[in-house]
Amino acid sequence: QVQLVESGGGSVQAGGSLRLSCAASGATDSLRYMGWFRQAPGKGREGVAAIATRVSGTYTANSVKGRFTVSRDNAKNMVYLQMNSLEPEDTAMYYCAATVSPYGIIRFRSDTYNVWGQGTQVTVSS
């Protein structure tokens, strides 16, 4: 009954910024973690960042550390991914995901997550 909808993708030049948003609706009280994944053409799905919804805790992948920041607004059932200093290598389809699992950061991989959005495209040109 949980649904996720991403927004905020688009095309930017290298060095630019984008802010992705993910709106959760439905039975959101059961969620423990929300995360962002991305998939570029010809590559597997890569975990980018995750955040706990009921306790304090965040994770960012080494490839984006220092450039991307994940945050949340529980009152609005929203999670955000602020992406700064974007590089062409960041070009991918970005997916919002959520899980009821308590291992959403310890086991930060796609099969740990229960619900997925449809994705939003991010394209970074040089």
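None of the values given here were measured: they were computed from a predicted structure.

A. Structural detail: the sheet that holds strand β1 (residues 3-7). On the basis of which strands lie adjacent, the open sheet formed by 4 strands has the order β1-β3-β8-β7 and antiparallel pairing. In this open sheet, the two strands that pair with only one neighbour each are β1 and β7 (68-73). The sheet shows a mean angle of 15 degrees between the axes of neighbouring strands, taken without regard to direction. Note: β1 against strand β3 (residues 18-25), 5 bridges, orientation antiparallel. Counterpart to V5 in the pairing with β3 is A23.

B. Structural detail: unusual backbone geometry. In the Ramachandran plot, N77 falls in the positive-phi region, its phi being about 55 degrees despite a non-glycine side chain. The topology assignment puts N77 in the loop between β7 and β8 (78-83). The phi dihedral of S85 falls on the positive side, at around 50 degrees, and the residue is not glycine. Within the secondary structure layout, S85 lies in the loop between β8 and β9 (92-99).

C. Structural context of the pairing of strand β5 (residues 46-52). With 5 of its 7 residues buried, β5 lies for the most part within the structure. Alignment of strand β4 (residues 33-39) against β5, held across 6 bridges, turns out to be antiparallel. Within the sheet, the bridge partner assigned to G35 lies in β5 and is A50. Linking β4 back to β5 in an antiparallel pair, the connection comprises 6 residues, with G42 at a positive phi of about 80 degrees. By the bridge criterion, 3 bridges tie β5 to strand β6 (residues 58-60) in an arrangement that is antiparallel. Each residue of the ladder has a partner; that of A50, found in β6, is Y59.

Definitions and limits used
Residues numbered from 1 in each chain as written. Predicted model: local features only at pLDDT ≥ 70, side-chain atom pairs only at ≥ 80, totals over all residues. Heavy atoms only, no water. Pairing = 2+ DSSP bridges. Helix = DSSP H or I, 4+ residues; strand = E, 2+ residues; numbered from the N terminus. Axes fitted to C-alpha atoms, helices over the stretch in contact; angles between N-to-C directions. Buried < 20%, exposed > 50% of the residue type's maximum accessible area, 1.4 Å probe, protein only.

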